[in-house]
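Breakdown of the fold
Each chain is listed here by its residues.
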Amino acid sequence: MNSETYGELEQIAARYPQARSGLLPMLHLVQSAEGRITPEGIEACAEILGISAAEVSGVATFYTMYKRRPVGDYHVGVCTNTLCAVMGGDAIFERLKDHLDVGNDETTEDGSITLEHVECNAACDYAPVVMVNWEFMDNQTPESATRLVDDLRSGKEVTSTRGPRICTWREAERVLAGFPDGRVDEGPAAGPASLVGLQIARERGWTAPPVEAGGPEDTGEIADTRTEAAAEADTRRAESETTAEEGKK
């Protein structure tokens, strides 16, 4: 591990009142630099945080987003949880295995695609869903998923359904480590299916009930103001995206 990466690991740790709270993004940075979680990366995290390598390794082996084997340029995750599986996720996964000639959690010979069946991507309204480097590709079929991986392997620019242009896996890991790539506002954050509830509420004049003074949610004027500001910002963005989608029709 080079000195630049080590310095950035120290930067991450310094963001938190308790330095060890930075372990998750630190591990993402290790993957961005090394292509996987390496013994050297584990030792560096442990040294900076003042904990044992065994503690770091315990975290790295608990979460499936941390890989002990090299990942290709594009991590393609096919949701095979219940709804996506029923809607075609299993068929997509089988087609991609045959098309790419790899098994689960394996990488193509050219190092471009790592295929993995993953648990729920929290996008059931767009099932079946495939994720490329954790960006959504909605309403997939075996045919569209095959075109998707072919486009990625050929170097074509691919844009996620509800997000930015697809970057490489290492670039995505750097973003997860807390180093923005400037693409946060590319593409819509939500689509029509996700906004149906908001649209119905607007049509029927439904609003959230007020918080009663002294109740369990009453944490003071500052907390209320922050909550209201966040809720208003979320609502405005969702409404603007709804308006934009309606304008396309």
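Above this text sits the structure in question.
Because the structure is predicted, anything quoted here is derived from the model rather than measured.

1. What about the sheet that holds strand β3 (residues 113-118)?
The five strands are arranged β2-β3-β1-β4-β5 in an open sheet whose pairing can be described as mixed. Unpaired on one side and paired on the other, β2 (106-107) and β5 (135-137) mark the two borders of the sheet. Pairing of strand β1 (residues 74-79) with β3, which is carried by six bridges, proceeds in the parallel orientation. Bridging across to β3, Y74 finds its partner in I113.

2. A few points about unusual backbone geometry
The omega torsion across A127 and P128 is -5°, close enough to zero to call that bond cis. Note that P128 resides in the loop between β3 and β4 (130-132). The phi dihedral of A122 is positive, around 60°, even though this residue is not glycine. The backbone phi angle of N139 is positive, close to 50°, even though this residue is not glycine. Looking at the secondary structure, you find N139 in the loop between β5 and α6 (142-154). N139 sits in the partly exposed class, given a relative accessible area of 46%.

3. A closer look at the pattern of salt bridges
Under the criterion given, the structure shown has ten salt bridges. Measuring nitrogen to oxygen at the nearest pair gives 2.5 Å for the salt bridge that ties R165 to E186. Residue R165 is found in the loop between α6 and α7 (169-176), and its partner E186 is found in the loop between α7 and α8 (196-204); the two are separated by 21 residues along the sequence.

4. Topic: the environment of Y74
In this fold, Y74 is placed in strand β1. Between the alpha carbons of Y74 and W134 there is a distance of 9.7 Å; along the sequence they are 60 residues apart. For Y74, the residues in contact, after removing those within four places along its chain, are S112, I113, T114, V132, N133, L152, I166, C167 and T168.

So, how was this worked out
- Residues numbered from 1 in each chain as written.
- Predicted model: local features only at pLDDT ≥ 70, side-chain atom pairs only at ≥ 80, totals over all residues.
- Heavy atoms only, no water.
- Pairing = 2+ DSSP bridges.
- Helix = DSSP H or I, 4+ residues; strand = E, 2+ residues; numbered from the N terminus.
- Buried < 20%, exposed > 50% of the residue type's maximum accessible area, 1.4 Å probe, protein only.
- Salt bridge = Lys/Arg side-chain N within 4 Å of Asp/Glu carboxyl O.
- Contact = heavy atoms within 4.5 Å.

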